[in-house]
Amino acid sequence: MLFRIVEEENEDPYIAEGTWTNPRTEKSLPMKNFSTNDDALTGRIDVTDYLDYEDPQNIGREYAYSIWNPRYGSMMGGNVKFRGAGKYKLHFEVSNAPGNIAEGKSAPDRPAILGEGTHDYFYYENVNECGYGFSAHFFKKFVVLKSTTKHETFGCFGMGVAFDGVYIKVKQ
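Residues numbered from 1 in each chain as written. Predicted model: local features only at pLDDT ≥ 70, side-chain atom pairs only at ≥ 80, totals over all residues. Heavy atoms only, no water.

**Q** It is not clear to me how the environment of I59 should be interpreted in this structure. Could you clarify?
**A** Tracing the chain through its elements places I59 in the loop between α1 (48-51) and β4 (62-69). Judged by relative accessible area, which is 11%, I59 ranks as buried. Sequence separation between I59 and K171 is 112 residues; the distance between their C-alpha atoms is 9.5 Å. The contacts of I59, once residues within four sequence positions are left out, are E54, L90, L114, F138 and Q172. (Helix = DSSP H or I, 4+ residues; strand = E, 2+ residues; numbered from the N terminus. Buried < 20%, exposed > 50% of the residue type's maximum accessible area, 1.4 Å probe, protein only. Contact = heavy atoms within 4.5 Å.)

**Q** What exactly am I supposed to notice about the packing of aromatic side chains here?
**A** For any pair of aromatic rings, the description rests on two quantities: the centre-to-centre distance and the angle between the ring planes. Within this structure, the stated rule accounts for 19 aromatic pairs. Measuring from centroid to centroid gives 4.6 Å for Y53 and F139, while their planes differ by 25°, and the two rings are stacked. Of this pair, Y53 sits in the loop between α1 and β4 while F139 is found in the loop between β10 (134-138) and β11 (142-147), placing the two residues 86 residues apart along the sequence. The exposure class of Y53 is partly exposed, given its relative accessible area of 48%. (Phe/Tyr/Trp six-rings, centres within 6.5 Å; stacked < 30°, edge-to-face > 60°.)

**Q** How should I be thinking about the state of the cysteines in this particular structure?
**A** Joining two cysteines, a disulfide is a covalent bond between their sulfur atoms. For the coordinates displayed, the defined rule picks out one disulfide. The side chain of C130 participates in a disulfide bridge whose partner is C156; the two sulfur atoms lie 1.8 Å from each other. Here the S-S torsion is close to 85°, and the disulfide linking C130 with C156 is therefore right-handed. Within this pair, whereas C130 is found in the loop between β9 (121-124) and β10, its partner C156 is found in the loop between β11 and β12 (165-171), the two being separated by 26 residues in sequence. The exposure class assigned to C130 is partly exposed, which follows from its relative accessible area of 29%. Classification of C156 by relative accessible area gives partly exposed; the value is 29%. (Disulfide = S-S within 2.5 Å.)

**Q** Even after reading the chapter, I still don't get unusual backbone geometry, so can you show me in this structure?
**A** Both trends apply: most residues other than glycine have a negative phi, and most peptide bonds are in trans. One non-glycine residue, H119, adopts positive backbone phi at about 55°. Mapping H119 onto the fold places it in the loop between β8 (112-113) and β9. Overall, the relative accessible area of 15% leaves H119 in the buried class. In this structure, N126 takes a positive phi of about 55° despite not being glycine. Along the chain, N126 turns up in the loop between β9 and β10. When its relative accessible area of 47% is taken as the criterion, N126 is described as partly exposed.

Dropping the structure here:
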């Protein structure tokens, strides 16, 4: 999906137009005149609601995503689960399989520690014997996982796959 997000002076950002592509047929359709429950009169979506960082007390227990993989002819994706491990500490378990598999979890005696100040992110190094590291940034409706180490550390995963992705909150 490709969308044009417009930010006008003195107005909230909104989606003006876009294109949706069917993952199976690869046929694209234009999308215009959006209408949502957010603002039925203007058809604008307040995207800032989706970009607010999450309060550490509301970090979800499970996040997931899926994408169409034409090579396998099915939806594939990943999930990440979190559980509390003390104040501003989380244990995690990640499985990402958009084609090949990247899996890992926090060490039993080494949970992820949420960052100073806002406590809406963490960095975790040495997930596996290859030295893989990543960051997690929590938003109200999703978490963004991003590799923080070089591609050489992806060697423990299949064919260069990593944890990278935007995972949607599915369980509070």
